[in-house]
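Summary of the model geometry
As a plain string of letters, each chain reads:
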Amino acid sequence: VTLNGVYYKCQTTADLTLTAAVTEDDTCKPDQGTDTDPVGWVTRTVDSKDWAITFSAKSFADGLGASGNQLGRFFIESDLVVIAHFMTNPDQGDGVISDDVLYEGSGLLTGLKINAPEKGSSTYDATITGNGPLTITETNRTS
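Given the structure is predicted, the values throughout are model-derived calculations rather than measurements. Position numbers for residues start from 1 in each chain and track the written sequence from start to end. Only residues with pLDDT of 70 or above have their local features reported here, since the model is predicted, and side-chain atom pairs are shown and tallied only from 80 upward, although totals for entire chains, interfaces and linings are computed over all residues. As a convention, hydrogens and water are excluded, and side-chain values are obtained from all of the structure's heavy atoms.

**Here's the deal with the overall build of the chain**
Operational definition: Strands are runs of DSSP state E lasting at least 2 residues, helices are runs of H or I lasting at least 4, and numbering of each runs from the N terminus. Exposure is judged per residue with a 1.4 Å probe applied to protein chains only, and the accessible area is read against the type maximum: over 50% gives exposed, under 20% gives buried, and values in between give partly exposed. The contact criterion used is simple: two residues touch if any of their non-hydrogen atoms lie within 4.5 Å. Note that accessible areas follow from Shrake-Rupley with a 1.4 Å probe, and for residues the cover is restricted to the protein chains shown.
Along the chain, the regular secondary structure elements total one helix and seven strands. For the chain, the N- to C-terminal ordering of α and β elements is β-β-β-β-α-β-β-β. Here the chain holds 143 residues, and the buried ones make up 24% of them. Long-range pairs, those at least 24 residues apart, make up 69% of the contacts in the chain with a sequence separation of at least 6. Only carbon and sulfur atoms are counted for the fraction: they give 52% of the accessible area of the chain, which is about 10000 Å².

Structure representation (structure tokens):
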């Protein structure tokens with residue numbers, strides 16, 4: 001996951017969730033005294049689509065990239081608007097031909113949870129809520 005072109009290093013998990021809000025057609029009971037209607041299928045229409053990215057990472061990353069304290073500063077001091085990138089790579093090893101899949105969209109940093117356990121590394125969890133459509137780009141790779 002990158003936010004505004006900055007890679008947040010040492011991620012331990014990352015999820016992209018796509019959702020759709022739908023409306024179902026109304027169902028009615030049959031009139032009294034008439035035969036019951038056969039059971040039918042529900043028909044839905046899509047009202048809106050949405051997306052969100054959640055990711056977790058170690059708070060203090062060595063090397064290039066950003067760390068949890070930089071994201072905390074961004075949350076406190078900015079308007080929370082970000083351009084988010086989410087990339088998957090299904091490479092399973094030598095000899096596999098696969099695609100890198102890049103999702104990109106404008107979003108808002110709507111959640112940041114900083115964890116400080118008694119033992120082990122400090123971590124954080126972040127949520128980016130979509131603010132408009134996503135684009136998807138597939139890059140063909142050969143091994």
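**Examining the pattern of salt bridges**
Going by this rule: Any carboxyl oxygen of Asp or Glu that lies within 4 Å of a side-chain nitrogen of Lys or Arg is treated as forming a salt bridge with it.
Enumeration according to the criterion identifies two salt bridges in this entry. A salt bridge links R73 to E77; the shortest N-O distance between them is 3.2 Å. A residue pair is termed a helical-turn pair when its members lie 3 or 4 positions apart in one helix, as R73 and E77 do in helix α1 (residues 68-77) at four residues. Here R73 matches E77 in class, with each residue exposed.

**Thoughts on the environment of V81**
Here V81 shows up in strand β5 (residues 81-88). Linking V81 and L108, residues 27 residues apart in sequence, is a C-alpha distance of 4.7 Å. If we skip the residues at most four places from it in the chain, V81 touches N4, F74, S106, G107 and L108.

**What to know about α1**
An α-helix turns once per 3.6 residues; consequently, residues spaced three or four apart project the same way. Put simply, the rule is: Read the arc as the range of directions from the helix axis to the C-beta atoms.
Listed as buried for α1 are G68, L71 and G72. The arc that holds every buried residue of α1, seen down its axis, measures 105°, which confines them to one face. Seen from the buried face of α1, the exposed residues on the opposite side, beyond 90 degrees, are R73 and E77.

**Let's talk about the side chain of H85**
Put simply, the rule is: Nitrogen and oxygen atoms within 3.5 Å of one another constitute a polar contact, given that in protein one can donate a hydrogen and the other can accept it, and given that sequence-neighbouring residues count only through two side-chain atoms.
Assignment of secondary structure puts H85 in strand β5. Since its relative accessible area comes to 18%, H85 is described here as buried. One polar contact links H85 to T2, side chain to side chain, over a distance of 2.7 Å. In terms of polar contacts, H85 uses its side chain to reach the side chain of E104, at 3.2 Å.

**Re the confidence of the model for the chain**
Low pLDDT means the predicted atomic positions in that stretch should not be read closely. We apply this condition: Confidence of the prediction at every residue is given by pLDDT, a number between 0 and 100.
Looking at the chain as a whole, the pLDDT averages 81, with 76% of positions reaching at least 70. In the predicted structure, residues 92-97 sits below a pLDDT of 50 and forms five contacts with residues beyond four places in sequence or in another chain.

**Some points on the packing of aromatic side chains**
Inclusion rule: Aromatic rings from Phe, Tyr and Trp, taking only the six-membered ring of Trp, are treated as a pair when their centres fall within 6.5 Å; an angle between ring planes under 30 degrees marks them as stacked, one over 60 as edge-to-face, and anything in between as tilted.
All told, the structure shown has two aromatic pairs when counted by the stated rule. Where F55 meets Y124, the ring centres are 6.1 Å apart and the plane angle is 80°; that geometry is what we call edge-to-face. Residue F55 is located in strand β4 (residues 44-58), and its partner Y124 is located in strand β7 (residues 123-140); the two are separated by 69 residues in the primary sequence. On the accessibility criterion, Y124 (0% relative accessible area) is buried.

**Observations regarding the environment of G105**
In this fold, G105 is placed in strand β6 (residues 99-115). In this structure G105 comes out as buried when scored by relative accessible area, which is 6%. The contact partners of G105, leaving out residues within four places of it in the chain, are W51, V82, I83, A84, P133 and L134.

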